[in-house]
Amino acid sequence: MMRVPTRVFRTIGRSAFSAVSNCPPRTNATAYASQSARRVGSYTLSPFRSMATVSRLSDPTVELLDEIDAFIFDCDGVIWLGDSIIDGVPETLDKLRSMGKKMFFVTNNSTKSRAGYKKKFDKLGLNSVPAEEIFSSSFAAAAYLEQTKFKDTGKKVYLIGEVGICEELDLIGVPWIGGPNDTGKVPSMGPGDALKHDMDVGAVIVGFDRHVNYYKIQSAQLCINENEGCEFIATNLDAVTHLTDAQKWAGNGSMVGAIRGCTGREPTVVGKPSPLMIDYLCDKYGLDRRRICMVGDRLDTDILFGSDNGLRSVLVLSGVTNEDKLLGDENKITPDFYTDSINDFFPK
């Protein structure tokens, strides 16, 4: 696995990132509202643009395509819904590629490894997307452990999550327990019963797990609460996700919330909006942040990822966020532009 830049922050804000030599931050301070920073979960959110500046994308060539060299796309709600490709997306990506635009696909979904996501792209007819353009939060979790030299501690990971994280940890040689191996287990809870846990666990990773159960929750809380120095890592805090194209489903935020609730600990978050993945991309590909656009369907992960890391951003309404929520009085997270889907980059 490639080296990852040396910053992963539990507190995210515009002042949180230091300069990367070839990735200067945005300097247009007037684009942000003057309101004071506020707290959301474990993040400190920086001031945002006023609502009056949120505009629909009307002239994509002038407003976007001429200004951007690289696009970072979220996947669920932008490229596909569940296991169904969004109509027109393959053609739009082909047009961007023909223009010489760099493209990366960054997902907070940790259920698959990068290799697993490559198979999904191919299955949906996106064969032109190479594995090197795909970044999942399962990869980010492994990259974070590699960056912090976790393997040198001789400790192991307890996992709430699915095969994607397992495969990424295997690639870097970090031992893990739990995860799929603890599916279906039920602890004995009669008089005098106690669940034994592994004292050699040095980190608990919580990723999306469709088979989460009380055994896993109890094992995770014991490791965090009773193993000295045990770290609590979350792949993401997404409230909902797209398991199917029929409805929204509870996301990894619900699982992280369970562990936060029984430990009183805040996790280190490695997926969006953490800067880990954008730092990695800028460092590896020499990208200029001012000419990168984050395209996503979530305000509190995708658009915040763009705002807090000096990127341009476009919100698409093809996923979890609708226009009423974006323009509502309670929303303080605003993109540069919004539109119905990425197909609007090339209006007919």
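All of the points below concern the structure found in this document. Note that the structure is a prediction, hence the values are computed from the model and not measured.

**Some thoughts on the pattern of salt bridges**
Part 1: Applying the stated criterion to the full structure yields 17 salt bridges.
Part 2: The partner of Asp209 in a salt bridge is Lys216, with the nearest N and O atoms 2.8 Å apart. Note on accessibility: Asp209 and Lys216 belong to one class, buried.
Part 3: The salt bridge involving Asp288 is made with Arg290; its shortest N-O contact spans 3.2 Å.
Part 4: The partly exposed category is assigned to Asp288, whose relative accessible area is 23%.
Part 5: One salt-bridge network, held together by shared partners, links Arg56, Glu323 and Asp340.

**A word on the environment of Lys119**
Part 1: Here Lys119 shows up in helix H3 (residues 114-123).
Part 2: Residue Lys119 is classed as exposed on the basis of its relative accessible area of 63%.
Part 3: C-alpha of Lys119 to C-alpha of Ala131: the two residues are 12 residues apart in sequence and 9.1 Å apart in space.

**Describing the sheet that holds strand S8 (residues 134-136)**
Part 1: One open sheet accounts for 7 strands, arranged S3-S18-S17-S16-S4-S7-S8; its pairing is parallel. The open sheet terminates on both sides in strands that have one partner only, identified here as strand S3 (55-56) and S8.
Part 2: Where strand S17 (residues 312-316) and strand S18 (residues 337-339) come together, 3 bridges link them in parallel fashion. Across the sheet, Val314 pairs through a bridge with Phe337, a residue of S18.
Part 3: In the packing of helix H2 (residues 89-98) onto the sheet, the strands contacted are strand S4 (70-73) and strand S7 (102-107), and the crossing angle to S7 comes to about 135°.
Part 4: In the packing of H3 onto the sheet, the strands contacted are S7 and S8, and the crossing angle to S8 comes to about 125°.

**Observations regarding empty space enclosed by the protein**
Part 1: A full pass over the atoms with the stated rule returns 1 cavity of 30 Å³ or more.
Part 2: The space that makes up the largest cavity amounts to roughly 120 Å³.
Part 3: Class assignment for the residues of the lining of the largest cavity results in 1 nonpolar, 8 polar and 6 charged.

**A word on the side chain of Thr268**
Part 1: Position of Thr268 relative to the elements: it lies in strand S15 (residues 268-269).
Part 2: Thr268 gets classed as buried once you look at its relative accessible area, which sits at 4%.

**What about a nonpolar patch on the surface?**
Part 1: Where nonpolar side chains cluster on the molecular surface, the patch consists of Val186, Met189 and Tyr214 and spans about 380 Å² of accessible area.
Part 2: Inspection of the secondary structure puts Val186 in the loop between strand S10 (176-178) and strand S11 (201-206).
Part 3: For Val186, a relative accessible area of 65% corresponds to the exposed category.

**Describing the sheet that holds strand S9 (residues 156-160)**
Part 1: An order of S10-S9-S11-S12-S15 is seen for the 5 strands of this open sheet, with the pairing classed as parallel. Lying at the two open borders of the sheet, with one neighbouring strand each, are S10 and S15.
Part 2: Packed on one face of the sheet, helix H4 (residues 137-147) meets S9, S11, strand S12 (231-234) and S15 and runs near 150° to S12.
Part 3: Taken strand by strand, helix H6 (residues 214-226) contacts S9, S11 and S12, and its axis lies near 145° from that of S9.

**Considering the packing of aromatic side chains**
Part 1: Tallied over the entire structure, the rule returns 11 aromatic pairs.
Part 2: Summarising the aromatic geometry, the rings of Phe71 and Phe345 are spaced 5.7 Å apart at their centres and angled 35° between planes, so their arrangement reads as tilted. Taken together, the residues Phe71 in strand S4 and Phe345 in the segment after S18 connect sequence positions 274 residues apart.
Part 3: Judged by its relative accessible area of 0%, Phe71 falls in the buried class.
Part 4: Judged by its relative accessible area of 1%, Phe345 is buried.
Part 5: Between the aromatic rings of Trp80 and Phe121, the centroid separation amounts to 5.1 Å while the plane-to-plane angle is 70°, which identifies the pairing as edge-to-face. One end of the pair, Trp80, is in strand S5 (residues 80-81); the other, Phe121, is in helix H3, and 41 residues separate them in sequence. You'll find Trp80 and Phe121 in the same group, each marked buried.
Part 6: An aromatic cluster is present here, built from Phe71, Phe73, Trp80, Phe105, Tyr117, Phe121 and Phe345 joined pairwise through their rings.
Part 7: Against the face of Tyr117 rests Lys112, its NZ or CZ located 5.7 Å from the ring centre.
Part 8: Sitting above the plane of the Phe139 ring, Arg114 keeps its charged end 4.5 Å from the centroid.

**Thoughts on the nonpolar core**
Part 1: By size, the foremost hydrophobic cluster in this structure holds 35 residues, and its most contacted members are Ile72, Leu145, Leu169 and Ile205.
Part 2: Among the elements of the structure, S4, S7, H4, S9, helix H5 (163-172), S11, helix H8 (276-285) and strand S16 (292-296) are those that each provide at least two residues to this core.
Part 3: Per-element tally for this core: the top contributor is H4, with 7 residues.
Part 4: Contacts of Leu145, omitting those with residues within four sequence positions, involve Phe150, Val157, Leu169, Ile172, Val174, Ile205 and Ile233.
Part 5: Counting 30 residues, the second largest nonpolar core, distinct from the first, contains Ile86, Tyr117, Val295 and Val314.

Cut-off values and rules
Residues numbered from 1 in each chain as written. Predicted model: local features only at pLDDT ≥ 70, side-chain atom pairs only at ≥ 80, totals over all residues. Heavy atoms only, no water. Salt bridge = Lys/Arg side-chain N within 4 Å of Asp/Glu carboxyl O. Buried < 20%, exposed > 50% of the residue type's maximum accessible area, 1.4 Å probe, protein only. Helix = DSSP H or I, 4+ residues; strand = E, 2+ residues; numbered from the N terminus. Pairing = 2+ DSSP bridges. Contact = heavy atoms within 4.5 Å. Axes fitted to C-alpha atoms, helices over the stretch in contact; angles between N-to-C directions. 1 Å grid on protein atoms, 1.4 Å probe; cavity = no way out; pocket = protein on both sides within 12 Å on 5 of 7 lines; lining within 4 Å. Points joined across faces, edges and corners; volume = space filled by probe spheres on them. Nonpolar A, V, L, I, M, F, W, Y, C, P; charged D, E, K, R; others polar. Patch = residues over 30% accessible without salt bridge, like charges linked within 9 Å, V, L, I, M, F, W, Y side chains within 5 Å. Areas by Shrake-Rupley, 256 points an atom, 1.4 Å probe, with all protein chains shown as cover. Phe/Tyr/Trp six-rings, centres within 6.5 Å; stacked < 30°, edge-to-face > 60°. Lys NZ or Arg CZ within 6 Å of the ring centre and 35° of its normal. Core = buried A, V, L, I, M, F, W, Y, C linked by side-chain atoms within 4.5 Å.

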